[in-house]
Amino acid sequence: MKMKSFYTSLLLALVINSTLYSQEFNSNKLIADIEYLSSNQLEGRFAGTKGEKAAAQYIAKRFKDLKLTSLSNNYLQNFSFKQPNNPHDELEFDKRGKNQINAINVIGYLNNNKENTIIIGAHYDHIGYGGIYSLDSKGMDKNTIHNGADDNASGVALLLNLAEQLIKENNSNNNYLFIAFSAEELGLLGSKYFVENPLIDLKNANYMINLDMVGRLNKEKELSIFGAGTSPILKQVINSTNNNFSLKIIDDGTGPSDHTSFYNKGIPVLFFNSGSHQDYHKSSDDFELINFSGIGEISEYVINIIHELNNFGKLNFRETVSEQPTVSRFKVSLRVMPDYVYEKEGMRADQIIKGGPADKAGLIDGDVIIKVGEYYIKDIYAYMNALSNFKDGDEIILVILRNGKEIEFKVKF
């Protein structure tokens, strides 16, 4: 605890002294929000647990302190579903009996008496003690708390920070709905439930901003923004307001986070993500590793995008060509964590999971996969499509680039 207090004091001093922040950016509360939400006390915030409920009550109190309006029972929207046997099982709501999970969305509303509403969301649940959802190396104890500081205490803290800024500046072009979703890790369930049981008329939803893993901005300031093609004006605004980031802009409105639920209802979306890292879904995703100044920069950028979009009224929705493969098609995995901000040809391995097929074959972090069996790999989507053609026991030749040289490996799934 003393070491954590030291980190807190050091980080607080660094953030307060930073010149990157506007006076509206409340660094004290952002640090406190992430520290509490990613503390061992909440035991990884798995949907339906005491830790999730404690986190929900904390967020609800923050909404109340900000004087946001509650549209439900003390800001809480309860829903139930049956616990899956594995991460790819289909889930259904309102299931009773064995393995039922009772989860909570937390919702606050800033009513500016306008026709349209901007929705800002972030999931607050994580994977508890890991189990089948953990990516800790084979042989390590998975029965440890996975605090999820980046995934996604960082997004919730930024959501609360944006709420505070939007309230203070009296930005009245739209109403604002702030949602902290649960059960995202189990299949985007909180957001799916909300769009089927909305507390506002979704016909008046202007657009949705999703904040998921925004706490590990790297020194190159690489930031991914999904959904840029879901309204004609979005890409222009994303670029015109950017003076700080190396952007990876993706048109697709679908993906592995809660914005997908809103896109599927015909609502324009923007999903902000500072990239994957070696601590993703591991017990090492902790408070001390968060880049607080990076969150401050992202906060300023998102606010500037909102300000600029206010000049265009209600945004027109546009469908995008989905680049996301269907997860259920996968029967095998190389146990490789992709680098989602890599833009050159191939699929760069941000991390090789110990004990997996890629690790056993001899791949290392940073290798760029350019061919899987007979399939050439242009990007992460081609990589995923290639994997769908194999089954357990298959042996293939994998071709990678390492330091500019092509190397072949024999891999068995």
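Residues numbered from 1 in each chain as written. Predicted model: local features only at pLDDT ≥ 70, side-chain atom pairs only at ≥ 80, totals over all residues. Heavy atoms only, no water.

*Asks:* Just checking my understanding: could you explain the overall build of the chain for this structure?
*Replies:* Helices and strands together make up the secondary structure of the chain, namely 10 helices and 14 strands. Across the 413 residues in the chain, those meeting the buried criterion constitute 55%. Of the roughly 18,200 Å² of accessible surface on the chain, a fraction of 46% belongs to carbon and sulfur atoms. (Helix = DSSP H or I, 4+ residues; strand = E, 2+ residues; numbered from the N terminus. Buried < 20%, exposed > 50% of the residue type's maximum accessible area, 1.4 Å probe, protein only. Areas by Shrake-Rupley, 256 points an atom, 1.4 Å probe, with all protein chains shown as cover.)

*Asks:* What should I look at first to understand helix H2 (residues 27-37) in this one?
*Replies:* It helps to recall that an α-helix has 3.6 residues per turn; residues three or four apart then point in one direction. Inspection of H2 places Ser 27, Leu 30, Ile 31, Asp 33, Ile 34 and Leu 37 among the buried residues, and these make up the whole buried set. Along the axis of H2, the buried residues cluster in a sector spanning 160°; they form a single face. (Arc of directions from axis to C-beta.)

*Asks:* Explain the nonpolar core here, please?
*Replies:* Nonpolar side chains in soluble globular proteins tend to end up buried together. Counting residues in hydrophobic clusters, the biggest one holds 62 residues, and the most contacted among them are Val 106, Ile 120, Phe 178 and Phe 272. Take this core: its biggest share by element is 10 residues, from helix H4 (residues 149-168). Counting residues in each nonpolar core, the second largest holds 28 residues, with Ile 250, Ile 377, Ile 380 and Leu 398 among its members. (Core = buried A, V, L, I, M, F, W, Y, C linked by side-chain atoms within 4.5 Å.)

*Asks:* Please explain the sheet that holds strand E7 (residues 246-250) as it appears in this structure.
*Replies:* Sheet strands associate in pairs through backbone hydrogen bonding, adopting either a parallel or an antiparallel arrangement. The 8 strands are arranged E1-E2-E4-E3-E5-E8-E6-E7 in an open sheet whose pairing can be described as mixed. Of all strands in the sheet, those bounded by a partner on one side alone are strand E1 (76-82) and E7. For this sheet the average axis-to-axis angle between neighbouring strands, irrespective of direction, equals 20°. One ladder, built from 7 bridges, connects strand E3 (residues 117-123) with strand E4 (residues 175-181); its direction is parallel. Within E4, the position partnered with Ile 118 by the bridge is Tyr 176. In the packing of helix H5 (residues 189-196) onto the sheet, the strands contacted are E1, strand E2 (100-110) and E4, and the crossing angle to E1 comes to about 115°. (Pairing = 2+ DSSP bridges. Axes fitted to C-alpha atoms, helices over the stretch in contact; angles between N-to-C directions. Contact = heavy atoms within 4.5 Å.)

*Asks:* Would you explain unusual backbone geometry in this entry?
*Replies:* A negative phi angle characterises most non-glycine residues, just as the trans form characterises most peptide bonds. Omega for the peptide link from Asp 151 to Asn 152 comes to 5°, which places this bond in the cis form. Within the fold, Asn 152 resides in helix H4. Not every positive phi belongs to a glycine, and Lys 221 is a case in point at roughly 55°. Summarising the element assignment, Lys 221 is placed in the loop between strand E5 (205-211) and strand E6 (222-226).

*Asks:* What is the right way to read the pattern of salt bridges from this model?
*Replies:* Opposite charge on two side chains allows them to pair when their charged atoms are near. Summed over all chains, the structure comprises 10 salt bridges. One salt bridge connects Asp 367 with Arg 402, and the closest N-O pair in it is separated by 2.8 Å. Here Asp 367 is found in the loop between helix H9 (357-361) and strand E11 (368-372), whereas its partner Arg 402 is found in strand E13 (residues 395-402), with 35 residues between them in sequence. With its nearest N and O atoms 3.4 Å apart, the salt bridge here joins Lys 391 to Asp 394. Look at Asp 394 and you get buried, because its relative accessible area is 19%. (Salt bridge = Lys/Arg side-chain N within 4 Å of Asp/Glu carboxyl O.)

*Asks:* Would you explain helix H8 (residues 292-309) in this entry?
*Replies:* Taking 1.5 Å of rise per residue, the 18 residues of H8 would be expected to cover 26 Å, and the 26 Å separating its terminal C-alpha atoms lies within 8% of that figure. For H8, the tally of buried residues reaches 13 of 18 residues, placing the bulk of the element in the interior. (Expected span 1.5 Å × (residues − 1).)

*Asks:* How should I be thinking about the side chain of Asp 151 in this particular structure?
*Replies:* In this structure, Asp 151 sits in helix H4. No salt bridge forms around the buried Asp 151; measuring N to O, its nearest opposite-charge neighbour Arg 45 is 6.5 Å away. At 3.0 Å, the side chain of Asp 151 forms a polar contact with the side chain of His 123. If we skip the residues at most four places from it in the chain, Asp 151 touches Arg 45, His 123, Asp 125, His 126, Glu 185, Asp 212, Met 213, Tyr 280, His 281 and Asp 285. (Lys, Arg positive; Asp, Glu negative; His and termini not counted. Polar contact = N/O pair within 3.5 Å; in protein donor to acceptor, adjacent residues only side chain to side chain.)

*Asks:* I'm lost on the side chain of Arg 62 in this one. Help?
*Replies:* One can find Arg 62 in helix H3 (residues 50-65). Judged by relative accessible area, which is 9%, Arg 62 ranks as buried. In this structure, Arg 62 is in contact with Lys 29, Asp 33 and Leu 160, ignoring residues within four places of it in sequence.

*Asks:* Teacher, can you tell me more about the packing of H4 against H8 here?
*Replies:* A pair of packed helices is characterised by two quantities: the angle between their axes and the separation of those axes. Between H4 and H8, the least distance of the axes is 10 Å, while the angle of their chain directions is 50°. Comparing the axis directions of H4 and H8 gives the class oblique. As H4 runs across H8, the sense of the crossing is right-handed. Contact residues: Ser 154, Leu 158, Asn 161, Leu 162, Gln 165 and Leu 166 in H4; Ile 295, Ile 298, Ser 299, Val 302, Ile 303 and Ile 306 in H8. Class assignment for the residues of the contact of H4 with H8 results in 8 nonpolar, 4 polar and no charged. (Parallel < 35°, antiparallel > 145°, perpendicular 65-115°, else oblique. Left-handed = near helix turned anticlockwise from the far one by under 90°. Nonpolar A, V, L, I, M, F, W, Y, C, P; charged D, E, K, R; others polar.)

*Asks:* Honestly, the environment of Ile 209 in this entry has me stumped. Any pointers?
*Replies:* One can find Ile 209 in strand E5. With a relative accessible area of 0%, Ile 209 lands in the buried category. Sequence separation between Ile 209 and Phe 262 is 53 residues; the distance between their C-alpha atoms is 9.7 Å. Discounting chain neighbours no more than four positions away, the residues touching Ile 209 are Ile 119, Ile 120, Gly 121, Leu 270, Phe 272, Val 302 and Ile 306.

*Asks:* How should I be thinking about the packing of H2 against H3 in this particular structure?
*Replies:* Close contact between H2 and H3 brings their axes to 11 Å; oriented N to C, the two are set at 160°. Here H2 lies roughly antiparallel to H3, going by the angle between them. Judged by the sense of rotation from one axis to the other, the crossing of H2 with H3 is right-handed. Residue-level contacts link Lys 29, Ala 32, Asp 33, Tyr 36 and Leu 37 of H2 to Ala 54, Ala 55, Tyr 58, Ile 59 and Arg 62 of H3. In terms of residue class, the contact of H2 with H3 is built from 7 nonpolar, no polar and 3 charged.

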